[in-house]
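Letter by letter, the chains look like this.
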Amino acid sequence: MSHPAEKDRTPPLDSGKKGPWDWGLFGSQARLDRAERAFQLQQERAADGIHRHAIVACAAFFLLMGPTSVTEIAAACLAAFSLVRLPKTWRTLESAFMRPVPIVLLAWTAWQCTTLIWSPNPRQGLDEIAELRWSLLLFCVWPAIRARKWMIAALAAGFLLGHLTQVLQLIGQGSSWYPWVREPDRISGWWDPAVGGSLLAGALGLHLPAAFMGKGRTRVIAMTMSIITLAAILATGTRGAWLAAIGLLVIVAGVALWTGRRRARIAVMLVAVAITVVFAAFILRGPITTRIHEARDEITRAVQHKEFTTSTGARLLLNWWALEAFAQHPIAGVGAGGFGDWVEQHLREQGIDPAQRHIHAHAHNAILHIAATSGAVGLSLAGMFIVFALKGAFAYLDRSMLGTYLAGPGFGLIGLLLVSAFDSVHLNSQSAALIGALLALAPGWIPRHAREAFS
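Bear in mind the structure is a predicted one, so any value in this text is a computation, not a measurement.

**Section: the overall build of the protein chain**
(1) Moving on: Looking only at helices and strands, the protein chain has 20 helices and 0 strands in total.
(2) Moving on: For the protein chain, the spread of C-alpha atoms along the principal axes amounts to about 70 × 55 × 45 Å.
(3) Moving on: Counting only residues that meet the buried cut, the protein chain has 53% of its 455 residues in that class.
(4) Moving on: In the protein chain, 77% of the contacts between residues at least 6 apart in sequence involve partners at least 24 apart.
(5) Moving on: Surface summary for the protein chain: the accessible area is close to 19600 Å², and the carbon and sulfur share equals 65%.

This is how it looks when you write it as C-alpha cells:
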C-alpha cells in the first residue's frame, strides 16, 4: 500500500495559526517541542526497539479482527510488550496523553463510573465500562507510530483472513470440519453476523478513499479490497451494515468530487461497485432475498399491526424505550448498565409483563443508548469525542493523501459512526477494539522524528 512519503506531506510544526480545535497537545508549542525531543531521544537510544515494537504492533493488528478470544490475546500481547518497553518509551507518552481524544475518553470514563452510583445494574455497567480498555491501544501504538502505514496494512490483511472464513462457510457450512455455526442466510465466517457487519463497515472505510481517489497500484489494491469487502457485507445479511455501506459510498464519492478528482475514475469505481452488488446478489440471492423480505414483513407488522416481537420490531421498540428513558432522566441518564433493568421496571409500571417483550441490555443504537444511560452529559462527551476523533483523523491529510491508505482510519471511523445507528458499537468487544485501533492509527499529529515510513 504505497503512498507519498509522510515527511513530504505533513505540514511543519509551526504551520500557521492554531485554532480552537487544537487545544491539548496542539495548544502549546512547548509541548510540541518536548514531544519532538522525546521521539528523537528514543530514535537515538532504542532504534532497534522501535523496529521490534512496530513488528509486534503489526502482528497484533493482523490478529485483532479474529475471533473474540484471538482479539483479546493479540491486544494483551501488544500491551505486555508496551509495558516491557516502557523504560525506553515513557518520555513519548506525555504527547499521547495530552491529545484531545484521550482527554475526552478520560472524562467519559469518569462520568460512566459516576453513573454507577444510580445505575440499577452496576455489574452490567462495569462490563460496559470495561470496553474502554481498547482505548489503551492509542498508547500501546504511539511509540512506534512511524510504522503507521504498515499497521494499517496489517489490519486490512486481518480482515482479508476473515473474508476467507466467510468463503469457507459458504462452501462448507454444516460440515463437521467447519468450526463456526451460523445461520444459513448469514455468511459471516468467524464473526457473529451482526457484529461482523459492523466491523466490515469500518473495513470498507479503510479501502474506499484509495479506491476512489488513489493512483496506480494503490488504487488497484484498494478497488479490489473494496469489492471484496462490499460482497462480504452483503453476505453477512446485516441490513444495518448494508445501509451504512451505502452511506459511506456516497460520502467518499462526494469527497472525491469535492476535491476535484477525475470523474472518469469515480465513474469506474461506481460501475465496479454496481457490478459487485449485482454479482454478489446473484450468488447470494437466496440469503439476501430472505433478509429483504424479512425486513419488509417485520417493519409492516410493527407499523401497521403494532407487533414488536420480530427482530426489527424489537429494535424499534428498544429505540423508543431509550428515548423514553432519556425523557425521564435527561441530565444524567439511568446509569451505565441500567438500560435493560429500567426497561423491565418501566414495563411493569405500565402493567406489561417484561417476559412478553424482547429486552436487551442495550438499545441497538449507540447514540440512543448513550442518551438513555448517560443523559445530556454523556451525549455532550460523545459529541466531543466524535468531533475530535474525526478532526484528528483528517487534520493533517492534504488532498493528495486522501487517495492513500493513510486516509483509511478516518473513513473507517465514519463507517462505524454510520453503522452505530443500528448497533451499540462501543459496547461490543470486537467493534470497540476496531474503534481503538482506528483511533490509534489516526492520531492527528505525528512528531517529525516519527514521520518517516518504517522499513
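There is more to say after this.
**Some thoughts on the side chain of Ser95**
(1) Moving on: Topologically, Ser95 is positioned in helix α6 (residues 93-97).
(2) Moving on: At a separation of 2.7 Å, a polar atom in the side chain of Ser95 contacts the main-chain carbonyl oxygen of Thr92.

**Here's the deal with the confidence of the model for the protein chain**
(1) Moving on: Of all residues in the protein chain, 91% attain a pLDDT of 70 or more, and the chain-wide mean is 86.
(2) Moving on: Long-range and interchain partners of residues 1-25, a stretch whose pLDDT sits below 50, account for 54 contacts in this model, where long-range means more than four residues apart.

**With respect to the nonpolar core**
(1) Moving on: Within the largest apolar cluster, 107 residues are counted, with the highest numbers of intra-cluster contacts made by Phe61, Met65, Met151, Leu155, Phe159 and Phe212.
(2) Moving on: Ranked by residue count, the leading element in this core is helix α11 (residues 193-213), at 12 residues.
(3) Moving on: Other than its neighbours up to four places away in sequence, Met65 contacts Thr71, Leu155, Phe159, Trp190, Trp191, Leu199, Gln430, Ala433 and Leu434.
(4) Moving on: Of all hydrophobic cores here, the second largest spans 13 residues; its members include Ala325, Phe339, Trp342 and Leu347.

**A look at the packing of aromatic side chains**
(1) Moving on: Counted according to the given criterion, the structure contains 5 aromatic pairs.
(2) Moving on: Aromatic pair Phe39 and Trp142: ring centres 5.5 Å apart, planes at 85 degrees, arrangement edge-to-face. Pair noted here: Phe39 is in helix α2 (residues 29-45) and Trp142 is in the loop between α9 (137-141) and α10 (148-172), with a separation of 103 residues, a long-range link.
(3) Moving on: The exposure class of Phe39 is buried, given its relative accessible area of 2%.
(4) Moving on: On the basis of an interplanar angle of 20 degrees and a centroid distance of 4.3 Å, the ring pair of Phe97 and Phe139 is categorised as stacked. Taken together, the positions of Phe97 in helix α6 and Phe139 in helix α9 put the pair 42 residues apart, joining distant regions of the chain.
(5) Moving on: In this structure Phe97 comes out as partly exposed when scored by relative accessible area, which is 46%.
(6) Moving on: Seen from the ring of Trp142, Arg99 lies directly overhead, with NZ or CZ sitting 4.4 Å from the centre.
(7) Moving on: When the ring centre of Trp258 is taken as reference, the NZ or CZ atom of Arg399 above it lies at 5.4 Å.

**Things to note about the pattern of salt bridges**
(1) Moving on: Following the criterion strictly, the structure yields 4 salt bridges and no others.
(2) Moving on: Among the ionic contacts, a cluster of salt bridges with common partners joins Glu72, Glu131 and Arg133.

**Side note on the side chain of Gln166**
(1) Moving on: For Gln166, the location among the structural elements is in helix α10.
(2) Moving on: Not counting the four nearest positions on each side in its chain, Gln166 is found in contact with Ile187, Ser188, Gly189, Trp191, Leu200, Ala232, Ala235 and Thr236.

**Points about the environment of Ala54**
(1) Moving on: Tracing the backbone shows Ala54 in helix α3 (residues 47-63).
(2) Moving on: Overall, the relative accessible area of 1% leaves Ala54 in the buried class.
(3) Moving on: It is 10.0 Å that separates the C-alpha atoms of Ala54 and Leu78, two residues lying 24 residues apart in sequence.

**A few points about a nonpolar patch on the surface**
(1) Moving on: Judged by side-chain polarity, Phe62, Leu63, Leu161, Leu164, Val167, Leu168, Leu170, Ile171, Trp177, Phe279, Phe282 and Ile283 come together as a nonpolar surface patch covering roughly 1100 Å² of accessible area.
(2) Moving on: Only α3, α10 and α14 (263-283) provide two or more residues apiece to the nonpolar patch.
(3) Moving on: The dominant element in the nonpolar patch, judged by the number of residues it contributes, is α10, at 6 residues.
(4) Moving on: Along the chain, Phe62 falls in helix α3.

**Observations concerning the packing of helix α16 (residues 311-328) against helix α18 (residues 366-394)**
(1) Moving on: Close contact between α16 and α18 brings their axes to 7 Å; oriented N to C, the two are set at 30 degrees. With respect to their mutual orientation, α16 and α18 come out roughly parallel. For the pair α16 and α18, the crossing hand works out as right-handed. When α16 is examined against α18, the residues Asn319, Ala322, Leu323, Ala325 and Phe326 are found in contact with a partner set consisting of Leu368, Ala371, Ala372, Gly375, Ala376 and Leu379.

**Quick word on the packing of α3 against helix α4 (residues 68-84)**
(1) Moving on: It is the contact of α3 with α4, at a shortest axis distance of 8 Å, that shows an interaxial angle of 165 degrees. Overall, the two elements α3 and α4 adopt an arrangement that is roughly antiparallel. Here α3 and α4 pass one another in a crossing that is left-handed. Facing Arg52, His53, Val56, Ala57, Ala60, Phe61 and Leu63 of α3, the residues of α4 in contact are Val70, Thr71, Ala74, Leu78, Phe81 and Ser82.
(2) Moving on: Here the contact of α3 with α4 is composed, by residue class, of 9 nonpolar, 3 polar and 1 charged.

**Details of α11**
One turn of an α-helix holds 3.6 residues; hence residues three or four places apart share an orientation.
(1) Moving on: In this model, α11 (21 residues) spans 30 Å end to end at C-alpha, consistent with the 30 Å of a helix rising 1.5 Å per residue.
(2) Moving on: The sharpest bend along α11 comes to roughly 35 degrees, located at His207, with the proline Pro209 sitting one to four residues further on.
(3) Moving on: Burial analysis of α11 places 20 of its 21 residues in the buried class, the great majority of the element.

**Thoughts on the environment of Leu136**
(1) Moving on: Within the secondary structure layout, Leu136 lies in the loop between α8 (122-130) and α9.
(2) Moving on: Spatially, the C-alpha atoms of Leu136 and Ala79 are 8.0 Å apart, while their sequence positions differ by 57 residues.

**A look at α16**
(1) Moving on: Taking 1.5 Å per residue as the helical rise, α16 with its 18 residues ought to reach 26 Å, and the 26 Å between its terminal C-alpha atoms agrees with that figure.
(2) Moving on: The complete set of buried residues in α16 reads Thr312, Gly313, Ala314, Leu317, Leu318, Asn319, Trp321, Ala322, Glu324 and Ala325.

About the criteria used
Residues numbered from 1 in each chain as written. Predicted model: local features only at pLDDT ≥ 70, side-chain atom pairs only at ≥ 80, totals over all residues. Heavy atoms only, no water. Helix = DSSP H or I, 4+ residues; strand = E, 2+ residues; numbered from the N terminus. Buried < 20%, exposed > 50% of the residue type's maximum accessible area, 1.4 Å probe, protein only. Contact = heavy atoms within 4.5 Å. Areas by Shrake-Rupley, 256 points an atom, 1.4 Å probe, with all protein chains shown as cover. Polar contact = N/O pair within 3.5 Å; in protein donor to acceptor, adjacent residues only side chain to side chain. pLDDT = per-residue confidence, 0-100. Core = buried A, V, L, I, M, F, W, Y, C linked by side-chain atoms within 4.5 Å. Phe/Tyr/Trp six-rings, centres within 6.5 Å; stacked < 30°, edge-to-face > 60°. Lys NZ or Arg CZ within 6 Å of the ring centre and 35° of its normal. Salt bridge = Lys/Arg side-chain N within 4 Å of Asp/Glu carboxyl O. Patch = residues over 30% accessible without salt bridge, like charges linked within 9 Å, V, L, I, M, F, W, Y side chains within 5 Å. Axes fitted to C-alpha atoms, helices over the stretch in contact; angles between N-to-C directions. Parallel < 35°, antiparallel > 145°, perpendicular 65-115°, else oblique. Left-handed = near helix turned anticlockwise from the far one by under 90°. Nonpolar A, V, L, I, M, F, W, Y, C, P; charged D, E, K, R; others polar. Expected span 1.5 Å × (residues − 1). Bend = angle between axes of the 7 residues up to and from the residue.

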